[in-house]
Amino acid sequence: MDLRDSPGEAAFRAEARAFLERHAPAEMPDYFDDQIDAETFVRHSTAWQKTLYEHGWAAITWPREYGGRGLGPLEQIIWNQELTRAGLGDSLFLVAIGLAGPTIIAHGTDEQKRRFLDPMLQGEALWCQLFSEPGAGSDLAALATRAVREGDDWVITGQKTWCSGGHHADFGILLARSDPSVPKHAGITYFLLDMHAPGVEVRPMRDMAGGAHFNEVFLNEVRVQDASRLGAVAGGWQVAMTTLMNERMAMGGFERLFSFEELIEHAGANRERLDAATRDELARLYTWVRTLELLNARVVTKLGRGEMPMAESSVMKLAVARIVTKVAELGMRLLGPEALGRRGPWQNRFLGAPAIHIAGGTDEIQKTVAAERVLGLPREPRADRDLPFEQLPRS
Ligand SMILES: Cc1cc2nc3c(=O)[nH]c(=O)nc-3n(C[C@H](O)[C@H](O)[C@H](O)COP(=O)(O)OP(=O)(O)OC[C@H]3O[C@@H](n4cnc5c(N)ncnc54)[C@H](O)[C@@H]3O)c2cc1C
């Protein structure tokens, strides 16, 4: 395991840092600040995406022929770290650049690449992910949204949920069931959906922090041309795997989720509440954070060797969710009981932390991956794997 940047990585980091020092926007509103309206955030995010495009930083891992920088996951991690250092959080273009774009590059027709890729890079089209459904989250292959072929079109009907950014998206990557007569993984087709098409209804869902960042999306006999199908009919599961692999990479970088240094500053500013138990908790968190950094170094080393760190990413995700929660809880404790009656950054972190245990694969699912791939325990029984979807009991 190597804890330092190689000379090539250090050079890339220096180049990224120099670019961000010159061009990072002086002001980027916090997406999770419920005082900022969505339009303002879209405007700032779009302007920043255009700047990235103009200077060749719009997509680190896309091949050069499609307008990317042609670099690997390791450079993506370094770029994410430098963005965090520059005070820039998740971009609204994450689904476009991180998920939809790489999937279209891997599976799209020439026409789809021509039509969709450049507007993503230029900040002209926002995308959302329409995978989860009320009955299909961890078990994504259980999705029930139907796609029925009618001539050159598909007619799509169903309900999607937890669709982040669906309210300002122009397009969505969509999974639907085109053949219920085969086992659940085999009858899924992947589509590129125009979110402004007739029959697409987006309803915001409010989270407990007060924000409305994700949505339910109802699809009522939405017509999608066959030209907007991505990959083979009934080959959607394989295409979705490309998206999910890229999602892991795009979401990587724990630094943007918490800052131990900020917690220490916060503790220093609230010394009167630093009792023995709080100091003990701070010390414990410090050791967790340092352990996480070592785990991260292991992931980075594996990526550097061209290997995919699947089990390590699951363990990291579990650890990150736990640390984010503990940091937020301690941050709130340091503010004292009156913190409950106000809003502020620590309150936002506290209310946002539970989502990290769920998004991108829940804790329990990550534990199953760790149990099977790290500990070598027997695989979970998957009794419904070979049964036709239409014969599965559904609630
Ligand atoms: C902030 C946020 C943003 C999101 N954005 C999007 C988005 O843009 N697009 C999208 O498509 N989805 C999105 N999601 C949805 C996310 O992918 C799902 O929430 C996640 O996959 C879990 O699915 P679920 O919510 O249906 O929970 P379920 O799968 O129903 O799980 C419920 C509980 O049962 C447990 N469980 C389920 N199966 C097992 C098992 N086999 N073994 C042990 N325990 C199990 C889970 O761990 C969990 O505790 C988002 C979620 C969050 C929190």
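Quantities reported herein were computed from a predicted structural model and do not represent experimental measurements.

Colleague: How would you summarise the environment of F93 if you had to cite specific residues and measurements?
Modeller: With respect to the helices, strands and loops of the structure, F93 is situated in the loop between α3 (73-85) and α4 (94-107). On the basis of relative accessible area, F93 is assigned to the buried category, the value being 1%. The spacing of F93 and E124 is 31 residues in sequence and 9.8 Å in space, taken between C-alpha atoms. With residues up to four places along the chain from it excluded, the contact list for F93 reads S45, T46, Q49, G98, M120, G123, E124, A125 and L126.

Colleague: For the side chain of S45, give the residues involved together with the corresponding values.
Modeller: Looking at the element boundaries, S45 is found in helix α2 (residues 38-54). You can call S45 buried: its relative accessible area is 3%. Apart from the residues within four sequence positions on either side, S45 is in contact with M28, S91, L92 and F93.

Colleague: Requested: an account of the domain arrangement of the protein chain, with residues and values cited.
Modeller: As far as domains go, the protein chain holds domain 1 (7-121), domain 2 (127-234) and domain 3 (257-373). Distance from the C-alpha centre of domain 2 to the C-alpha centre of domain 3: 32 Å.

Colleague: Account for the site of the ligand, naming residues and giving values.
Modeller: In the vicinity of the ligand there are 16 residues, among which S138, W162, S164, T362 and E364 approach most closely. One of the side-chain N or O atoms of S138 is found 2.6 Å from an oxygen atom in the ligand. Between the ligand and the protein, one listed contact pairs a nitrogen atom with a backbone N or O atom of W162 at 2.9 Å. Secondary-structure elements contributing two or more residues to the shell around the ligand are β3 (153-164) and α11 (363-373). Here the shell around the ligand spans two domains, and each of domain 2 (127-234) and domain 3 (257-373) adds at least three residues to it.

Colleague: Residue-level account of the packing of aromatic side chains, with values.
Modeller: Tallied over the entire structure, the rule returns twelve aromatic pairs. Taking the centre distance of 6.3 Å and the plane angle of 35° together, the rings of F19 and W79 count as tilted. You can see F19 sitting in helix α1 (residues 7-23) and its partner W79 sitting in helix α3, a full 60 residues away along the chain. Accessibility assignment for this pair places F19 and W79 in one class, buried.

Colleague: Break down unusual backbone geometry for me, with residues and values.
Modeller: Although it is not a glycine, W162 adopts a positive phi angle of roughly 55°. Structurally, W162 is set in strand β3. By relative accessible area, which is 48% here, W162 ends up partly exposed.

Colleague: I'd like a description of α1, backed by residues and values.
Modeller: Given 3.6 residues per helical turn, the α-helix brings residues three or four places apart onto the same face. The end-to-end C-alpha distance of α1, which contains 17 residues, comes to 24 Å, matching closely the 24 Å that a straight helix rising 1.5 Å per residue would cover. The complete set of buried residues in α1 reads E9, F12, R13, A16, F19 and L20. Angularly, the buried residues of α1 cover 130° about the axis, an arc narrow enough to put them on a single face. Exposed residues pointing more than 90 degrees away from the buried face of α1 are listed as P7, E21 and R22. Packing partners of the buried residues in α1 comprise α2 and α3.

Colleague: Residues and numbers for the pairing of β3, please.
Modeller: Sheet topology note: the strand β2 (residues 146-150)/β3 ladder contains five bridges and is antiparallel. If you follow R146 over to β3, its bridge partner there is T157. Hairpin remark: β2 followed by β3, antiparallel, with two residues in the connecting loop; positive phi at G151, about 65°.

Colleague: Go over the side chain of S178, please, and point to the residues and values.
Modeller: Structurally, S178 is set in the loop between β4 (171-177) and β5 (188-194). In this structure, S178 is in contact with R146, A147, W154, G187, I188, T189, V233 and A234, ignoring residues within four places of it in sequence.

Colleague: Describe the packing of helix α9 (residues 310-335) against α11, listing the residues and the values that go with them.
Modeller: Contact pair α9 / α11: the axes reach a minimum separation of 9 Å and the direction vectors enclose 140°. Taken together, the axis directions place α9 and α11 in an arrangement best described as oblique. The element α9 and its partner α11 pack so that their crossing is left-handed. Here M310, A311, S314, V315, K317, L318 and A321 of α9 lie close against α11, whose contacting residues are D363, Q366, K367, V369, A370 and R373. Its residues assigned to classes, the contact of α9 with α11 comprises seven nonpolar, two polar and four charged.

Colleague: Go over a nonpolar patch on the surface, please, and point to the residues and values.
Modeller: A contiguous nonpolar surface patch, about 350 Å² in accessible area, is contributed by V315, V374, L375 and L377. Here L375 is to be found in the segment after α11. Looking at L375, the relative accessible area reads 61%, which means it is exposed.

Colleague: Outline the packing of α3 against helix α8 (residues 276-304), supporting the account with residue identities and numerical values.
Modeller: α8 packs onto α3 with a crossing angle of 140° between their chain directions and a minimal axis gap of 8 Å. By the criterion of interaxial angle, the relationship of α3 to α8 is oblique. Residues P73, L74, I77 and Q81 of α3 pack against N296, V300, L303 and G304 of α8. For the contact of α3 with α8, the class distribution of residues is five nonpolar, three polar and no charged.

What counts and what doesn't
Residues numbered from 1 in each chain as written. Predicted model: local features only at pLDDT ≥ 70, side-chain atom pairs only at ≥ 80, totals over all residues. Heavy atoms only, no water. Helix = DSSP H or I, 4+ residues; strand = E, 2+ residues; numbered from the N terminus. Buried < 20%, exposed > 50% of the residue type's maximum accessible area, 1.4 Å probe, protein only. Contact = heavy atoms within 4.5 Å. Domains from an automatic or database assignment. Near = heavy atom within 4 Å. Polar contact = N/O pair within 3.5 Å; in protein donor to acceptor, adjacent residues only side chain to side chain. Phe/Tyr/Trp six-rings, centres within 6.5 Å; stacked < 30°, edge-to-face > 60°. Expected span 1.5 Å × (residues − 1). Arc of directions from axis to C-beta. Pairing = 2+ DSSP bridges. Axes fitted to C-alpha atoms, helices over the stretch in contact; angles between N-to-C directions. Parallel < 35°, antiparallel > 145°, perpendicular 65-115°, else oblique. Left-handed = near helix turned anticlockwise from the far one by under 90°. Nonpolar A, V, L, I, M, F, W, Y, C, P; charged D, E, K, R; others polar. Patch = residues over 30% accessible without salt bridge, like charges linked within 9 Å, V, L, I, M, F, W, Y side chains within 5 Å. Areas by Shrake-Rupley, 256 points an atom, 1.4 Å probe, with all protein chains shown as cover. Salt bridge = Lys/Arg side-chain N within 4 Å of Asp/Glu carboxyl O.

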